[in-house]
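# Examination of the molecular architecture
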Amino acid sequence: MTGIVYKSTGSWYSVKTEDGTFLECRIKGKFRIQGIKSTNPIAVGDVVDFDIETSSDETVGVITNIHDRKNYIVRKSVNLSKQTHIIASNIDVVFLLVTINNPVTTTSFIDRFLVTAEAYGIEAVLVFNKIDTYTEETLDEQLFLQYVYSNIGYQCLRVSAAEGKGLEELKFLMKDRVSMFSGHSGVGKSTLVNALEPTLNLKTKAISEQHQQGQHTTTFAEMFDLSFGAKIIDTPGIRGFGIVDMEKQEIGDYFPEFFALKDQCKFNNCLHKEEPHCAVKDALESEEIAWSRYNSYLQILEGDEENYRNDLYSDERNPEKF
Ligand code: GDP
Ligand code: ZN
């Protein structure tokens, strides 16, 4: 039988079976997944095959196989073992909530996020929230960002989670798919998810309150079904996106507008920095490429590790966890 992993606690997995019921499963033997040195063999979102084992007092499932993952996101362990922890898999779309003010979302943060999404192979959509609070100035800024990002192919939505505006379009993009929501603390993730599904009480909030009390919590991702046919993966405590190891050479490939011009650079290994006859630099000069994007590119290229980590994991109180 086949099912989808909705929750994992490390040794037990809650699997939703094809008839819609949940079955607690464990793993048989050791799973080795090629190419991944991971601390957990099975993650939320995995499609698994399982057998049913019935004993006198209980019925449990035994996972026998994992189907190939379309994609997965990871969290690196801080020690030197280079082990990764797979947070979730088979994600169709990730929504990055962006606010102009309260809190400020920088283009550098947005771009690092988009680069990581590209590297993971996950569609990313920008959701500008709190449009009800815009002044003339913040509206200008939002429209400019929307112009920059929609020009390079990223879908942009404008919503007010608080007033329930713009939600139909968002629901349309979520329907029949697995979604994740990211963004700085305070951008309105909980409010938005509540507006989409008032009965769903995600843990994001509770976790951050626990952090404030200085408690150490281990957090697990969990998948939820929403009433309009969407699935959402909640990743408590993780507001950003995992770090992906990238070769300098490949970073530009995750900027779609750079990638599109790459063939026109004189050198096929052009890093778009000091090289002569660089199509990316030319496009920058003629303002076809946004300076903010190029600056983000340089920052990532220079490997600004400190910022990178803080940016990706905006849960500043506990950055060392990741
Ligand atoms: P999270 O940390 O991303 O989950 O953010 P929350 O959902 O807790 O929202 C942070 C604050 O922003 C709360 O005070 C919300 O009421 C407020 N907020 C969220 N969405 C909106 C919105 O669309 N408009 C306004 N004006 N406030 C919002
Ligand atoms: Zn170039």
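Before any of the text, the structure's been laid out above.
Residues numbered from 1 in each chain as written. Chains lettered and ligands numbered in written order. Predicted model: local features only at pLDDT ≥ 70, side-chain atom pairs only at ≥ 80, totals over all residues. Heavy atoms only, no water.

### A closer look at the overall build of the protein chain
Along the protein chain, the regular secondary structure elements total 10 helices and 13 strands. Here the protein chain, with 322 residues, has 49% of them falling under the buried criterion. Summarising the internal contacts of the protein chain: among those between residues at least 6 apart in sequence, 65% fall at separations of at least 24. Counting only carbon and sulfur atoms, one obtains 48% of the accessible surface of the protein chain, whose full area is about 16,100 Å². (Helix = DSSP H or I, 4+ residues; strand = E, 2+ residues; numbered from the N terminus. Buried < 20%, exposed > 50% of the residue type's maximum accessible area, 1.4 Å probe, protein only. Contact = heavy atoms within 4.5 Å. Areas by Shrake-Rupley, 256 points an atom, 1.4 Å probe, with all protein chains shown as cover.)

### Examining the coordination of the zinc ion (ligand 2)
Looking at the metal site, the zinc ion (ligand 2) is ligated by Cys-265 (SG), Cys-270 (SG), His-272 (ND1) and Cys-278 (SG), spaced 2.1 to 2.4 Å from it. Metal-centred angles of 105 to 116 degrees between the four donor atoms at the zinc ion (ligand 2) mark the site as tetrahedral. Sequence spacing of the donors to the zinc ion (ligand 2): C-x4-C-x1-H-x5-C. With respect to class, Cys-265 is no different from His-272; both count as buried. (Donors = N, O, S within 2.8 Å, 3.2 Å for Na, K, Ca; no water. Tetrahedral: all angles 85-135°; square planar, octahedral: opposite > 155°, others 65-115°.)

### What to know about the site of ligand 1
Around ligand 1 there are 16 residues in total, and Asp-132, Gly-186, Lys-189, Ser-190 and Thr-191 lie nearest to it. A distance of 3.5 Å separates an oxygen atom of ligand 1 from a polar atom in the backbone of Val-187. For ligand 1, the accessible surface in isolation is 580 Å², of which the surrounding protein chains cover 73%. Taken together, the residues of the shell around ligand 1 sort by class into three nonpolar, nine polar and four charged. (Near = heavy atom within 4 Å. Polar contact = N/O pair within 3.5 Å; in protein donor to acceptor, adjacent residues only side chain to side chain. Nonpolar A, V, L, I, M, F, W, Y, C, P; charged D, E, K, R; others polar.)

### Observations concerning the pattern of salt bridges
The full count for this structure, using the stated rule, is 12 salt bridges. The residue Asp-225 makes a salt bridge to Lys-16 at a minimum N-O spacing of 2.4 Å. Separated by 209 residues along the polypeptide, Asp-225 in strand S12 (residues 222-225) and Lys-16 in strand S2 (residues 13-17) bring together distant segments of the chain. With relative accessibility at 22%, the residue Lys-16 sits in the partly exposed group. Among the salt bridges present, the one from Arg-177 reaches Glu-123, with a minimum N-O distance of 2.7 Å. (Salt bridge = Lys/Arg side-chain N within 4 Å of Asp/Glu carboxyl O.)

### Here's the deal with unusual backbone geometry
That bond from Asn-102 to Pro-103 is cis: its omega, -5 degrees, falls within 30 degrees of zero. Here Pro-103 lies in the loop between strand S8 (93-98) and helix H1 (107-120). Backbone geometry at Asn-90 places phi at a positive 55 degrees, although glycine is not the residue there. Looking at the secondary structure, you find Asn-90 in the loop between strand S7 (84-89) and S8. Relative accessible area serves as the criterion here: at 15%, Asn-90 is assigned to the buried category. Notably, Lys-130 is not glycine yet its phi reads approximately 65 degrees, a positive angle.

### Some remarks on helix H4 (residues 189-196)
What H4 keeps buried is the set Lys-189, Leu-192, Val-193 and Leu-196. Across the axial projection of H4, the buried residues extend over an arc of 95 degrees, all falling on one side. (Arc of directions from axis to C-beta.)

### Examining H1
Residues spaced three or four apart along an α-helix point in a common direction, a consequence of the helix completing one turn every 3.6 residues. The end-to-end C-alpha distance of H1 is 20 Å, a good match for the 20 Å that 14 residues give at a rise of 1.5 Å each. Among the 14 residues of H1, 11 are classified as buried, and the element is accordingly described as predominantly covered. Turning to H1, its buried residues number three or more, namely Ser-108, Phe-109, Ile-110, Asp-111, Arg-112, Phe-113, Leu-114, Val-115, Thr-116, Ala-117 and Tyr-120. At the C-terminal side of H1, Gly-121 shows a positive phi close to 75 degrees. (Expected span 1.5 Å × (residues − 1).)

### Some remarks on the packing of aromatic side chains
Considering all chains together, one arrives at eight aromatic pairs under this definition. Ring plane angle 20 degrees and centroid distance 5.1 Å describe the contact between Phe-95 and Phe-181, whose orientation is recorded as stacked. One end of the pair, Phe-95, is in strand S8; the other, Phe-181, is in strand S11 (residues 178-182), with 86 residues separating them in the sequence. Per residue, the accessibility class of Phe-95 equals that of Phe-181, and both read buried. Plain terms: the ring middles of Phe-258 and Tyr-297 are 5.1 Å apart, the flat faces sit at 70 degrees to each other, and that makes the pair edge-to-face. (Phe/Tyr/Trp six-rings, centres within 6.5 Å; stacked < 30°, edge-to-face > 60°.)

### Remarks on the side chain of Lys-189
Here Lys-189 shows up in helix H4. For Lys-189, which is buried and forms no salt bridge, the nearest opposite charge comes from Asp-234, at a distance of 8.9 Å. Polar contacts involving the side chain of Lys-189 include one to the main-chain carbonyl oxygen of Gly-183, which spans 2.9 Å. From its side chain, Lys-189 meets the backbone oxygen of His-184 in a polar contact 2.9 Å long. (Lys, Arg positive; Asp, Glu negative; His and termini not counted.)

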